[in-house]
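# Per-entry structural report
Here are the chains, one letter per residue:
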Amino acid sequence: EPEVTQTPSHQVTQMGQEVILRCVPISNHLYFYWYRQILGQKVEFLVSFYNNEISEKSEIFDDQFSVERPDGSNFTLKIRSTKLEDSAMYFCASTLDRGLGTEAFFGQGTRLTVV
Amino acid sequence: DAKTTQPPSMDCAEGRAANLPCNHSTISGNEYVYWYRQIHSQGPQYIIHGLKNNETNEMASLIITEDRKSSTLILPHATLRDTAVYYCIVKRGGGATNKLIFGTGTLLAVQP
């Protein structure tokens, strides 16, 4: 079965440092997403990406965040200057299209710990 | 997208059917009901979706009431591995993206 893969599984970083979280979506999918889940809280939408540009973003996704698809397979989330409150699980997802009935495939997540 | 209401937790005996309810009384005609689950902080996993007809796949069945204001996800023979948080999400198509808005879901505990 196709799967979304994320690396690393766990990242520890110092406050103020930049981090890049990596994802390999399913190969024929066209829409890519990042979500985050702070410990004990809901899964929250961050951003969606299509055709090499952001198609939608939440208010959480401020100027400290950026996304990129540097090649034909990887999809990255960069946090420029991490804060303690960025500590969370970050999930990448992909969908084939945006129509109704499209299921989203999620990766297993990257646990980011900012110290 | 319509708001959903789910019980915060439920128990089910292993081998029995688990019936997880969801209320979505403000659902509109072009909105689908989706179910995902999340096993202990892993990535959410798609289960099933439907519009107005009952649906069944290898994982579960989805029963949607005739007025579409509520639905029930049925796991026919629950196992310990089905212990997870189950999310009912109502989603409208035709938007800019296919983003999902997660609520707090129902924590299903399957007991041995």
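Below or above, wherever it landed, is the structure these notes cover. Just so it is clear, the model here is predicted, and its values are computed rather than measured.

The rules behind each value
Residues numbered from 1 in each chain as written. Chains lettered and ligands numbered in written order. Predicted model: local features only at pLDDT ≥ 70, side-chain atom pairs only at ≥ 80, totals over all residues. Heavy atoms only, no water. Helix = DSSP H or I, 4+ residues; strand = E, 2+ residues; numbered from the N terminus. Rg over C-alpha atoms; globule rule 2.2 N^0.38 Å. Buried < 20%, exposed > 50% of the residue type's maximum accessible area, 1.4 Å probe, protein only. Contact = heavy atoms within 4.5 Å. Areas by Shrake-Rupley, 256 points an atom, 1.4 Å probe, with all protein chains shown as cover. Lys, Arg positive; Asp, Glu negative; His and termini not counted. Charge placed at Lys NZ, Arg CZ, Asp CG, Glu CD. Pairing = 2+ DSSP bridges. Disulfide = S-S within 2.5 Å. Core = buried A, V, L, I, M, F, W, Y, C linked by side-chain atoms within 4.5 Å.

Below, the discussion takes up the overall build of chain B. Counting its secondary structure elements, chain B contains zero helices and nine strands. A globule of 112 residues ought to have a C-alpha radius of gyration of about 13 Å, and chain B, at 13 Å, matches this closely. The principal-axis extents of the C-alpha atoms in chain B amount to approximately 40 × 30 × 25 Å. Buried positions account for 46% of the 112 residues belonging to chain B. Of all intrachain contacts in chain B linking residues separated by at least 6 positions in sequence, the fraction that spans at least 24 positions is 57%. Looking at chain B as shown, the accessible area adds up to about 5,500 Å², and 50% of this sits on carbon and sulfur atoms. Between the centroid of the 10 positive side chains of chain B and the centroid of its 9 negative side chains there is a distance of 6 Å.

Residues and elements named next belong to chain B. The strand order across the open sheet built from four strands is S2-S7-S6-S5, with neighbouring strands paired in antiparallel fashion. Looking at strand neighbours, the two that pair on one side only are strand S2 (18-23) and strand S5 (55-56), the edges of this open sheet. Here S5 runs beside strand S6 (residues 61-64); their pairing, made up of two bridges, is antiparallel. Considered in S6, the bridge of glutamate 55 is made with leucine 62.

Counted according to the given criterion, the structure contains two disulfides over all chains. Through a disulfide, cysteine 23 of chain A is tied to cysteine 92 of chain A; the S-S separation comes to 1.9 Å. In this structure, the disulfide formed by cysteine 23 of chain A and cysteine 92 of chain A twists by about -65 degrees around the S-S bond and is classed as left-handed. Here the residue cysteine 23 of chain A occupies a position in strand S3 (residues 19-24), and cysteine 92 of chain A occupies one in strand S9 (residues 88-95), the gap between them amounting to 69 residues. Like cysteine 23 of chain A, the residue cysteine 92 of chain A is buried in the burial classification. Between the sulfur of cysteine 22 of chain B and that of cysteine 88 of chain B lies a disulfide, 2.1 Å long from S to S. With the S-S bond torsion at -80 degrees, the cross-link from cysteine 22 of chain B to cysteine 88 of chain B turns out left-handed. One end of the pair, cysteine 22 of chain B, is in strand S2; the other, cysteine 88 of chain B, is in strand S8 (residues 84-92), with 66 residues separating them in the sequence. The residues cysteine 22 of chain B and cysteine 88 of chain B share a single accessibility class, namely buried. The thiol of cysteine 12 of chain B is not disulfide-bonded; the next cysteine sulfur, from cysteine 22 of chain B, is found 18 Å away. Overall, cysteine 12 of chain B belongs to the buried group, its relative accessible area being 7%.

Our next topic: the nonpolar core. Trp34, Leu46, Phe61, Val67, Phe75, Leu77 and Tyr90 of chain A are the most contacted members of the largest nonpolar core, which has 24 residues in total. If you list the elements that add at least two residues to this core, you get S3, strand S4 (31-37), strand S5 (43-50), strand S7 (65-68), strand S8 (75-79), S9 and strand S11 (110-114) of chain A. Those residues in contact with tyrosine 90 of chain A that lie beyond four places of it in its chain are Gln6, Leu21, Trp34, Tyr35, Arg36, Leu46, Phe65, Leu77, Ile79, Gly109, Thr110 and Leu112 of chain A. If you look at the next biggest cluster of nonpolar residues, it comprises 22 residues, including Leu20, Cys22, Ala60 and Tyr86 of chain B.

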